[in-house]
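# Results of the structural survey
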Amino acid sequence: MSCQTPIIVALDFPSRDAALALADQLDPALCRVKVGKELFTRSGPAVVETLQDKGFEVFLDLKFHDIPNTTAMAVKAAAEMGVWMVNVHCSGGLRMMAACRNELDKLAGKQPLLIGVTVLTSMEQEDLAGIGLDIAPQEQVLRLAGLATQAGMDGLVCSAQEALALKAAHPALQLVTPGIRPAGSAADDQRRILTPVEALQAGSDFLVIGRPISQAADPAQALAAVVAELA
Ligand SMILES: O=c1ccn([C@@H]2O[C@H](COP(=O)(O)O)[C@@H](O)[C@H]2O)c(=O)[nH]1
């Protein structure tokens, strides 16, 4: 069954058992799931396979960032696991992103969506200044979006705060937006946040939600509340 909502739940857990315990409370018709660095480093490809067997489409969020050949081979390996979405950092540059696109285009069968990470949603202008970028986050995101378009990427990871400007400049790119916080939720380490409804109104295609669902007393109810808010 294909997923009927734009919600991607981040399974940020230290073990396969903890991640699967949450997945078992979720409905693959109501959300996709995201496997990130913590879970993948502990549990490897087997946890992705198990989630797929349970009917979930999986976003493998490993944010590859390396030389073009290494990154392209990593993306190919992800595609061969059958994931729905995979990502690389746009700041790896045009040649790196183009190498990934080229590698995926060689594959027979269904390709994963190839997504470029722009500026992490945990960063604000001060953080960019700290790494030598004297520029507003949205300006840097738009600059990287231009490169991603040139490389033939399918979409971007960005903040929903940039979605309006990105959709105007690059309507073909699918926007995957973490930093989603239902009203009243703690921001945690996120800095560029919006609520689920605000994000969709701004033009987000997919909403990545972690702690507001995974750390809720009743994760299924927390997911249902977001689904209801979006209906
Ligand atoms: O810019 C980015 C890129 C990725 N993430 C990931 O999304 C989730 C968000 O989790 P929350 O608990 O809802 O904050 C997490 O897995 C990050 O690694 C991001 O937040 N920002």
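In this text, all values refer to a predicted model and were calculated from it rather than measured experimentally.

## Quick word on the overall build of the protein chain
When its secondary structure is counted, the protein chain shows 11 helices and 8 strands. Considering only C-alpha atoms, the protein chain reaches an extent of 40 × 40 × 30 Å along its principal axes. Across the 231 residues of the protein chain, 41% fall into the buried class. In the protein chain, the share of contacts with a sequence separation of at least 24, taken over all contacts with a separation of at least 6, comes to 69%.

## Things to note about the site of the ligand
Lining the immediate surroundings of the ligand are 15 residues, of which Ala-10, Thr-121, Pro-178, Gly-210 and Arg-211 lie closest. Class assignment of the residues belonging to the shell around the ligand gives a composition of 7 nonpolar, 5 polar and 3 charged.

## Thoughts on the sheet that holds strand E4 (residues 85-89)
Read around the closed barrel, 8 strands run E1-E2-E3-E4-E5-E6-E7-E8, paired in parallel fashion. Averaged over all neighbouring strand pairs, the angle between strand axes comes to 25°, with direction disregarded. In this sheet, E4 lies alongside strand E3 (residues 58-64) in parallel orientation, the contact comprising 3 bridges. For Phe-64, the partnering residue across the bridge sits in E4 and is Val-88. Sheet contacts for helix H3 (residues 45-53): strand E2 (32-35) and E3; angle to E3, the most-contacted strand, approximately 155°.

## With respect to the UniProt feature "domain: Orotidine 5'-phosphate decarboxylase" (unreviewed entry) in the protein chain
Mapped onto this numbering, the UniProt entry annotates "domain: Orotidine 5'-phosphate decarboxylase" (unreviewed entry) at residues 6-226. Annotated as residues 6-226, this span is 43% helix and 16% strand, and its ends, taken at the C-alpha atoms, are 11 Å apart.

## Some points on the nonpolar core
Judged by nonpolar contacts, the single largest core of 68 residues is most densely connected at Val-9, Leu-11, Val-33, Val-75 and Leu-156. Here Val-9 is in contact with Leu-26, Cys-31, Val-33, Lys-34, Ile-209, Ile-213, Ser-214 and Leu-223, once residues within four sequence places are set aside.

## A short note on the pairing of strand E7 (residues 174-177)
Where strand E6 (residues 155-157) and E7 come together, 3 bridges link them in parallel fashion. Along E7, the bridge assignment pairs Val-157 with Val-176. In this sheet, strand E8 (residues 206-209) lies alongside E7 in parallel orientation, the contact comprising 2 bridges. For Val-176, the partnering residue across the bridge sits in E8 and is Phe-206. With respect to chirality, the unit in which E7 leads through helix H9 (residues 196-202) into the neighbouring parallel E8 is right-handed.

## Here's the deal with the pairing of E4
Most of E4 is tucked away: 4 of the 5 residues are buried. The pairing of E4 with strand E5 (residues 113-117) spans 5 bridges and is classified as parallel. Residue Val-86 lies in a different strand from E5, and its bridge partner there is Leu-114.

## Re the environment of Asp-12
Note that Asp-12 resides in the loop between strand E1 (7-10) and helix H1 (16-23). Given 19 C-beta atoms within 10 Å, Asp-12 falls into the partly exposed group. Look past the residues within four positions of Asp-12 in its chain and what remains in contact with it is Gly-36, Glu-38, Leu-39, Gly-210 and Ser-214.

## A short note on the packing of helix H4 (residues 68-80) against helix H5 (residues 94-105)
Close contact between H4 and H5 brings their axes to 8 Å; oriented N to C, the two are set at 35°. Relative to H5, H4 is oriented so that their crossing is right-handed. Contacts between H4 and H5 involve Pro-68, Asn-69, Thr-71, Ala-72, Val-75, Lys-76 and Ala-79 from the first element and Arg-95, Met-96, Ala-99, Cys-100, Asn-102, Glu-103 and Leu-104 from the second. Its residues assigned to classes, the contact of H4 with H5 comprises 8 nonpolar, 3 polar and 3 charged.

## Brief notes about unusual backbone geometry
A positive phi is found at Lys-63, a non-glycine position, where the angle reads about 45°. Structurally, Lys-63 can be placed in strand E3. Under the C-beta neighbour-count criterion, Lys-63 is labelled partly exposed, with 17 such atoms within 10 Å. The phi dihedral of Asp-188 is positive, around 55°, even though this residue is not glycine. Within the secondary structure layout, Asp-188 lies in the loop between E7 and H9.

## Remarks on the confidence of the model for the protein chain
Of the residues in the protein chain, 100% reach a pLDDT of 70 or more, and the chain-wide mean stands at 97. Under the prediction, the complex receives an ipTM of 0.99, its pTM being 0.98.

The rules behind these values
Residues numbered from 1 in each chain as written. Predicted model: local features only at pLDDT ≥ 70, side-chain atom pairs only at ≥ 80, totals over all residues. Helix = DSSP H or I, 4+ residues; strand = E, 2+ residues; numbered from the N terminus. Buried ≥ 20, exposed ≤ 12 C-beta atoms within 10 Å, placed from the backbone. Contact = placed C-beta atoms within 7 Å. Near = placed C-beta within 6 Å. Nonpolar A, V, L, I, M, F, W, Y, C, P; charged D, E, K, R; others polar. Pairing = 2+ DSSP bridges. Axes fitted to C-alpha atoms, helices over the stretch in contact; angles between N-to-C directions. UniProt positions renumbered as here; feature names shortened; annotations may be inferred. Core = buried A, V, L, I, M, F, W, Y, C linked by C-beta atoms within 7 Å. Right-handed = clockwise from strand over helix to strand, strands pointing away. Left-handed = near helix turned anticlockwise from the far one by under 90°. pLDDT = per-residue confidence, 0-100.

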